[in-house]
Amino acid sequence: MPIITRHLTIRMQGHSQIENISDSIRRCLSETSLQAGIITIFVKHTTASVMIFEDEPGLRADTKTLWDRLIPEDPAWQHNARNPGEDNGHSHLRGQLQRQSLTIPFADKQLPLGTWQEIGLIDFDTRARSREIVVQIMGE
Amino acid sequence: MPIITRHLTIRMQGHSQIENISDSIRRCLSETSLQAGIITIFVKHTTASVMIFEDEPGLRADTKTLWDRLIPEDPAWQHNARNPGEDNGHSHLRGQLQRQSLTIPFADKQLPLGTWQEIGLIDFDTRARSREIVVQIMGE
Amino acid sequence: MPIITRHLTIRMQGHSQIENISDSIRRCLSETSLQAGIITIFVKHTTASVMIFEDEPGLRADTKTLWDRLIPEDPAWQHNARNPGEDNGHSHLRGQLQRQSLTIPFADKQLPLGTWQEIGLIDFDTRARSREIVVQIMGE
């Protein structure tokens, strides 16, 4: 069974910015000849996550509002207080909860995404960074 | 390696209603002849999620309470404020966090679920809807 | 395609204690001869979870603080109020949200973990317990 591993590098701005990576993931799949199997998307960072979302400006704003409420930026996080120069304790906690791995089954060479589903990379860090993603496709 | 893809449609009521889909998933597995591999359960919606839970009336009530506290229904969510007729901004944010994909490894034709583990579909939307789930089984 | 299933038992203390299981997972992988594929880590409990985290004392403290704020221990959770002797309603709700399954793709016999990424088992229960984890490796 073929196993294809691809690497994506994406420039992100942090502060809960979301990048829609659906087309990049679809391209990885279409470059293989596989009919059915699974795609695993893995973010190689602790302060960024991958998720399913509806790509709509209101929800992009709401996502930022939500994280600022649930896990606010705060110098009192011990990650910041104990490590001089660190200010991204909240970014780690957000990434931990939103997670770094997403597995999607495919068939007939198509991702089964629903009408409103898009794949998003969300960056919780406090400054712009390049982010690395592993996309692995396994199937027949 | 065989890859079997099944589709389930489940009528849901929204408002954090949970449907226990463990038996449906077990049936999908038992209808194959596979001994070991992985099952991937993928919900084709942004306002519903799949999760592991203990199916106990108290926890069903607590789950509803928790989501109403963490991410309350609110006309002020920008998804609602900017899009006339929308009232489910909170449903999207809940679905995003609780996620749409669950992968479970199996062996000896059995899911390895612990004594209290059940597989739940949770619907965060504001009205009753039919929900589609992809169940893909890959193994030997 | 080989499918290898391993079982780990880990003694945990509860109260959001985190155990770094990266080396145990790497050992499971190195004991196979597989070059590429996926590892699925599945926790067989409802009140413990698996996650990616940076293993730093400040973040370990922050994780405990975060969960005590987001989903506090409370006799009023219906799981506790309706079931005499139960005190871990919050543990179930935390486990449900943090989740029990993590899939990581590997290639060249290596996990693709980023510099700061570690694999953590987090135990939300209210007393010490032994926890069981299934580690399944599928690949070529």
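Before reading further, recall that the structure is shown in the block above.
Below: a short report on this structure.

Rules of the game
Residues numbered from 1 in each chain as written. Chains lettered and ligands numbered in written order. Predicted model: local features only at pLDDT ≥ 70, side-chain atom pairs only at ≥ 80, totals over all residues. Helix = DSSP H or I, 4+ residues; strand = E, 2+ residues; numbered from the N terminus. Buried ≥ 20, exposed ≤ 12 C-beta atoms within 10 Å, placed from the backbone. Contact = placed C-beta atoms within 7 Å. Least-squares fit on C-alpha atoms with pLDDT ≥ 70 in both. Nonpolar A, V, L, I, M, F, W, Y, C, P; charged D, E, K, R; others polar. Pairing = 2+ DSSP bridges. Axes fitted to C-alpha atoms, helices over the stretch in contact; angles between N-to-C directions. Left-handed = near helix turned anticlockwise from the far one by under 90°. Arc of directions from axis to C-beta. Core = buried A, V, L, I, M, F, W, Y, C linked by C-beta atoms within 7 Å.

### Side note on the overall build of chain A
Right, so step 1: The secondary structure content of chain A amounts to four helices and seven strands.
Right, so step 2: Reading the helices (α) and strands (β) of chain A from amino to carboxyl end gives β-β-α-β-β-α-α-α-β-β-β.
Right, so step 3: Overall size of chain A, expressed as C-alpha extent along the three principal axes, is 50 × 30 × 20 Å.
Right, so step 4: Each of the 140 residues in chain A was classed as buried or not, and the buried ones make up 49%.
Right, so step 5: Counted over contacts in chain A with a minimum sequence separation of 6, partners at least 24 positions apart contribute 82%.

### Observations regarding the environment of His7 of chain A
All names here are of chain A.
Right, so step 1: Looking at where His7 falls in the secondary structure, it is placed in strand S1 (residues 3-12).
Right, so step 2: Look at His7 and you get partly exposed, because 13 C-beta atoms sit within 10 Å.
Right, so step 3: Separated by 55 residues in sequence, His7 and Asp62 have C-alpha atoms that sit 30 Å apart.
Right, so step 4: In this view, His7 contacts Glu132 and Val134; residues no more than four positions away in its chain are not counted.

### Some words on the relation of the copies chain C and chain A
Right, so step 1: When chain C is fitted to chain A, the best match, at an RMSD of 0.0 Å, comes from turning it 120 degrees and sliding it 0.0 Å along the axis. Such a combination of rotation and displacement between the chain copies is what one expects of a three-fold axis. For chain C, the minimum C-alpha distance to the rotation axis belongs to Met1 of chain C and amounts to 3.9 Å.

### Focus: the relation of the copies chain B and chain A
In this arrangement, two copies of a chain are superimposed by a rotation about an axis accompanied by a shift along the axis.
Right, so step 1: For these two chains of identical sequence, chain B goes onto chain A by a turn of 120 degrees and a shift of 0.0 Å along the axis, with RMSD 0.0 Å.
Right, so step 2: With a heterologous cut-off of 20% or less, the 11% of interface residues of chain B that recur at the interface of chain A puts this contact in the heterologous class.

### A closer look at the interface of chain B and chain A
Right, so step 1: Across the contact, 27 residues belong to chain B and 29 residues belong to chain A.
Right, so step 2: At five residues, the largest contribution of residues to the side of chain B that touches chain A is made by helix H4 (residues 89-98) of chain B.
Right, so step 3: In terms of residue class, the side of chain B that touches chain A is made up of 11 nonpolar, 14 polar and two charged.

### Remarks on the sheet that holds strand S6 (residues 118-123) of chain B
All names here are of chain B.
Right, so step 1: Judged by pairing direction, the sheet is antiparallel, and its three strands sit side by side in the order S2-S6-S4 without closing on themselves. Looking along the sheet, the strands with just one partner apiece sit at the ends: strand S2 (17-20) and strand S4 (48-53). Across the sheet, the axes of successive neighbouring strands diverge by a mean angle of 30 degrees, strand direction being ignored.
Right, so step 2: Looking at chain direction, S2 and S6 are connected through four bridges and run antiparallel. Each bridged residue has a counterpart across the sheet, and for Glu19 the counterpart in S6 is Leu121.

### Regarding the packing of helix H4 (residues 89-98) of chain A against helix H2 (residues 57-70) of chain C
Right, so step 1: In the contact formed by H4 of chain A and H2 of chain C, the axes pass within 10 Å of each other and the chain directions differ by 65 degrees. Read as a crossing pair, H4 of chain A and H2 of chain C show a hand that is right-handed. Residue-level contacts link Gly89, His92 and Leu93 of chain A of H4 of chain A to Gly58, Leu59, Asp62, Thr63 and Leu66 of chain C of H2 of chain C.
Right, so step 2: The class makeup of the residues in the contact of H4 of chain A with H2 of chain C is three nonpolar, four polar and one charged.

### Quick word on the interface of chain C and chain A
Right, so step 1: In this complex, chain C contributes 29 residues to the contact, which on the side of chain A involves 27 residues.
Right, so step 2: Among the elements of the structure, strand S3 (37-43), strand S4 (48-53), H2 and strand S5 (101-106) of chain C are those that each provide at least two residues to the side of chain C that touches chain A.
Right, so step 3: Per-element tally for the side of chain C that touches chain A: the top contributor is H2 of chain C, with eight residues.

### Comments concerning the pairing of S4 of chain B
All names here are of chain B.
Right, so step 1: For S4, a buried count of six out of six residues is recorded, marking the element as mostly surrounded by other parts of the structure.
Right, so step 2: Covered by surrounding structure in S4 are Ala48, Val50 and Ile52 together with Ser49, Met51 and Phe53, the residues of both alternating faces.
Right, so step 3: Sheet topology places S4 next to S6; six bridges connect them, and they run antiparallel. Residue pairing across strands places Met51 opposite Gly120, the latter belonging to S6.

### Digging into helix H1 (residues 22-30) of chain A
All names here are of chain A.
Right, so step 1: By the burial criterion, the buried members of H1 are Ile25, Cys28 and Leu29. Down the axis of H1, the buried side of the element spans an arc of 100 degrees, and every buried residue falls inside it. Pointing more than 90 degrees away from the buried face of H1 are the exposed residues Asp23 and Ser30.
Right, so step 2: Of the surrounding elements, those touching the buried residues of H1 are S1, strand S3 (37-43), strand S5 (101-106), strand S6 (118-123) and strand S7 (129-139).

### Examining the nonpolar core
Right, so step 1: Ranked by size, the top nonpolar core spans 108 residues in total, and within it Ile39 and Ile41 of chain A, Ile39 and Ile41 of chain B together with Ile39 and Ile41 of chain C carry the most contacts.
Right, so step 2: Ile41 of chain C has contacts with Ile25, Val50, Leu102, Ile119, Ile133 and Val135 of chain C, leaving out every residue within four places of it along the chain.

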